[in-house]
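# Structural features, examined
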Amino acid sequence: MANRAQIASKSSALIAMIADEDTITGFLLAGVGNVDLRRKTNYLIVDSKTTAKQIEDSFKEFTSREDVAIVLISQYVANMIRFLVDSYNKPVPAILEIPSKDHPYDPAHDSVLSRVKYLFSSESVASSGRH
């Protein structure tokens, strides 16, 4: 229990987002948006002018912030920085890939789902060896 990742308890934890404008707008309308005193937001709107470097920088910033508990990233955006998403292995903030209006969800590219499948396949191999 001592090794568990802790979320800052002094204030509520945030959901950060990296996605297209429509997805971000929907989450902002639901009340997920945040702007801190330094005018830093908890989201990045990705459009045709957004560079992979900007996406990488936002991903690194959101995953290093102590006030962020979950990072929602559109799957097509995650594919642009797949090496970073796949190499991220901390439990908090959790990285969740979501579909967008123009890009359907593809379970073959979801890093979380592939890790779960790997864990369950490892457990089934280990448990079948005990019979």
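Use the structure listed above.
Residues numbered from 1 in each chain as written. Predicted model: local features only at pLDDT ≥ 70, side-chain atom pairs only at ≥ 80, totals over all residues. Heavy atoms only, no water.

### Considerations on the side chain of Asp20
Residue position: Asp20 is located in the loop between strand S1 (14–19) and helix H1 (21–29). Of the side chains bearing the opposite charge, Lys101 lies closest to the buried Asp20, which forms no salt bridge; the N-O distance is 6.6 Å. One polar contact links Asp20 to Thr23, side chain to side chain, over a distance of 2.9 Å. Asp20 has contacts with Ile45, Val46, Ser74, Tyr76 and Ser100, leaving out every residue within four places of it along the chain. (Helix = DSSP H or I, 4+ residues; strand = E, 2+ residues; numbered from the N terminus. Buried < 20%, exposed > 50% of the residue type's maximum accessible area, 1.4 Å probe, protein only. Lys, Arg positive; Asp, Glu negative; His and termini not counted. Salt bridge = Lys/Arg side-chain N within 4 Å of Asp/Glu carboxyl O. Polar contact = N/O pair within 3.5 Å; in protein donor to acceptor, adjacent residues only side chain to side chain. Contact = heavy atoms within 4.5 Å.)

### As for helix H2 (residues 52–64)
Given a rise of 1.5 Å per residue, 13 residues ought to cover 18 Å, and the 18 Å separating the end C-alpha atoms of H2 matches this to within 8%. Along H2, the positions that sit buried rather than exposed are Ile55, Glu56, Ser58, Phe59, Phe62 and Thr63. In an axial view of H2, the angular spread of the buried residues amounts to 165°, which keeps them on one side of the axis. In H2, the exposed positions angled more than 90 degrees off the buried face are occupied by Lys53 and Ser64. Looking at the buried residues of H2, the elements they touch are S1, strand S2 (43–45), strand S3 (68–74), helix H3 (75–80), helix H4 (82–87) and strand S4 (94–98). (Expected span 1.5 Å × (residues − 1). Arc of directions from axis to C-beta.)

### Looking at the sheet that holds S4
On the basis of which strands lie adjacent, the open sheet formed by four strands has the order S2-S1-S3-S4 and parallel pairing. A single partner strand is all that each edge strand has here, and the edge strands are S2 and S4. Strand-to-strand twist in this sheet, taken as the mean axis angle between neighbours without regard to direction, amounts to 20°. Note: S3 against S4, five bridges, orientation parallel. If you follow Leu72 over to S4, its bridge partner there is Leu96. Packing against the sheet, H1 makes contact with S1, S2, S3 and S4, and its axis sits at approximately 160° to S1. Against the sheet, H2 makes contact with S1, S2, S3 and S4, and its axis sits at roughly 170° relative to S1, the strand it touches most. (Pairing = 2+ DSSP bridges. Axes fitted to C-alpha atoms, helices over the stretch in contact; angles between N-to-C directions.)

Just geometry here; none of it tells us what the structure is for.
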